[in-house]
Amino acid sequence: MAVITRERPVVDRPPPVPRKSYPKWARRAPLLPALIFLIVVTQLPFVATLVISFMKWNSLDPTNRGFAGFDNYVNVFTDPDLRSSIVNTIVLTASVVLISLVLGLGLALLLDKKFRGRGFVRTMLIAPFLVVPVAAALIWKHVLYNPEYGLFNGILNWLGFDAQPDWISTMPMSAVVLSLVWQWTPFMMLILLAGLQSKPIEPVEAATIDGASSFQIFRYLTFPHLRQYLELGGLLGSIYIVQNFDAVFTITSGGLGTANLPYMIYQTFYQAHEYGEASAAGVIVVAGSILIATFALRVVSSLFKEETR
């Protein structure tokens, strides 16, 4: 039996139209207005601050103004108050970040499990992070810490304790730390929850079949997977908490040994009117934030590389 094959007619296709090759500057031109706006809004003020940081400038003494060299930076690191504010900034940042990471990890592990009402619980846990920082500090100062009508002393009274402590005066730094931990734990929880939900399920199922306990799965599978997410949360949290001003200003007004570097910048600028010294302290804060942000960007880039493998 003969097989009849038909040949398809050859259709002449038109040659492809060559694409126009634009120069690099033309492809990037639409981004130019945004770049100019970013430079005007962020970089020019920083350059002005950097220039002022090398000047002797006190608004109460306008005749004594000129180039000061590195004297303002020397004053920042040698002045006892400014030096203690740097220590307070480090202590405050490290405490809030570490406690928030631990609590955020526990909440993320809880929300990674399926249970009824998980969406509602997740929304309620995220709510503290959405509160305006000044409003959150006012809530802790007046609603919780107040010695006369605060919730903490109300609970102690309900439990039968006669003590009505003044929480802010007895533990000022802890009072600031607790308010910031309450606000930043949801942020850490979201980052770690995203890491948990991106974890591959096959190794966990294999480990469960082999008889591994929940603690062993967490130690050898979950925690190594979350390492970079923990680093990212710690670095991003540090960038913001280093610059925190609202909680210190609202709760303690910088008193009782809680003044951090942003508050001392405010005090030096608006109360002492030392513009040069305040600018030098501000440059130090920006340099520290840039250093932390550099590590954060490296962690983010490494996460993207792992996702694309």
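Residues numbered from 1 in each chain as written. Predicted model: local features only at pLDDT ≥ 70, side-chain atom pairs only at ≥ 80, totals over all residues. Heavy atoms only, no water.

In the nomenclature of an unreviewed UniProt entry, the protein chain is known as Sugar ABC transporter permease of Lentzea miocenica. According to the UniProt record, the Subcellular location (unreviewed entry) comment for the protein chain is "Cell membrane". UniProt annotates the protein chain under Sequence similarities (unreviewed entry) with the comment "Belongs to the binding-protein-dependent transport system permease family." (UniProt positions renumbered as here; feature names shortened; annotations may be inferred.)

Take the overall build of the protein chain next. Of the regular secondary structure elements, the protein chain holds 14 helices and two strands. In the protein chain, which comprises 309 residues, the proportion classed as buried is 34%. The long-range fraction of contacts in the protein chain, counting pairs at least 24 apart against all pairs at least 6 apart in sequence, stands at 68%. Split by element, the accessible area of the protein chain, about 20100 Å² in all, is 67% carbon and sulfur. (Helix = DSSP H or I, 4+ residues; strand = E, 2+ residues; numbered from the N terminus. Buried < 20%, exposed > 50% of the residue type's maximum accessible area, 1.4 Å probe, protein only. Contact = heavy atoms within 4.5 Å. Areas by Shrake-Rupley, 256 points an atom, 1.4 Å probe, with all protein chains shown as cover.)

For Thr-89, the location among the structural elements is in helix α4 (residues 80–111). Relative accessible area serves as the criterion here: at 9%, Thr-89 is assigned to the buried category. Here Leu-261 takes part through its backbone nitrogen, which lies 2.8 Å from a polar atom of the side chain of Thr-89. (Polar contact = N/O pair within 3.5 Å; in protein donor to acceptor, adjacent residues only side chain to side chain.)

In this structure, Val-74 sits in helix α3 (residues 71–78). In the structure, Val-74 is positioned 203 residues away from Glu-277 in sequence and 9.4 Å away in space, judged by C-alpha atoms.

Moving on: the UniProt feature "transmembrane region" (unreviewed entry) in the protein chain. UniProt feature "transmembrane region" (unreviewed entry): in the numbering of this structure it lies at residues 29–55, 86–111, 123–143, 175–196, 247–266 and 278–300. When the span residues 175–196 is considered, its composition is 100% helix and 0% strand, and the gap between its end C-alpha atoms is 31 Å. Secondary structure content for residues 247–266 is 60% helix and 0% strand, and the end C-alpha separation is 14 Å.

By the definition in use, this model includes one cavity of 30 Å³ or more. If you add up the space inside the largest cavity, you get close to 40 Å³. Surrounding the largest cavity, Pro-133, Ala-136, Ala-137, Ser-179, Leu-180, Gln-183, Asn-244, Asp-246 and Ala-247 form its lining. The class makeup of the residues in the lining of the largest cavity is five nonpolar, three polar and one charged. (1 Å grid on protein atoms, 1.4 Å probe; cavity = no way out; pocket = protein on both sides within 12 Å on 5 of 7 lines; lining within 4 Å. Points joined across faces, edges and corners; volume = space filled by probe spheres on them. Nonpolar A, V, L, I, M, F, W, Y, C, P; charged D, E, K, R; others polar.)

Roughly 280 Å³ of internal volume is contained in the largest pocket. Lining the largest pocket are Leu-109, Asp-112, Lys-113, Leu-196, Lys-199, Ile-201, Val-204, Ser-214, Ile-217, Phe-218 and Thr-222. In terms of residue count, helix α11 (residues 214–242) provides more of the lining of the largest pocket than any other element does, four residues in total. Among the residues forming the lining of the largest pocket, the class breakdown is six nonpolar, two polar and three charged.

Of note, Lys-56 is situated in strand β1 (residues 55–56). Lys-56 sits in the partly exposed class, given a relative accessible area of 42%. The residues contacting Lys-56, other than those within four sequence positions of it, are Asn-64, Arg-65, Gly-66 and Ala-68.

A word on a nonpolar patch on the surface. A cluster of nonpolar side chains, namely Leu-32, Leu-35, Ile-36, Phe-37, Leu-38, Ile-39, Val-40, Val-41 and Leu-44, defines an oily patch on the protein surface of about 830 Å² accessible area. Taking relative accessible area as the criterion, Ile-39 reaches 36% and is therefore assigned partly exposed. (Patch = residues over 30% accessible without salt bridge, like charges linked within 9 Å, V, L, I, M, F, W, Y side chains within 5 Å. Salt bridge = Lys/Arg side-chain N within 4 Å of Asp/Glu carboxyl O.)

Okay, the packing of helix α9 (residues 172–197) against α11 next. Where α9 contacts α11, the two axes come as close as 9 Å, and the packing angle between them is 150 degrees. As judged from the angle between their axes, α9 and α11 are roughly antiparallel. In terms of crossing hand, the pair formed by α9 and α11 is right-handed. Contacts from Trp-184, Phe-187, Met-188, Ile-191, Leu-192, Gly-195 and Leu-196 of α9 reach α11 at Thr-222, His-225, Leu-226, Tyr-229, Leu-230, Leu-232, Gly-233, Gly-234, Leu-236, Gly-237, Tyr-240 and Ile-241. Of the residues belonging to the contact of α9 with α11, the class tally is 13 nonpolar, six polar and no charged. (Axes fitted to C-alpha atoms, helices over the stretch in contact; angles between N-to-C directions. Parallel < 35°, antiparallel > 145°, perpendicular 65-115°, else oblique. Left-handed = near helix turned anticlockwise from the far one by under 90°.)

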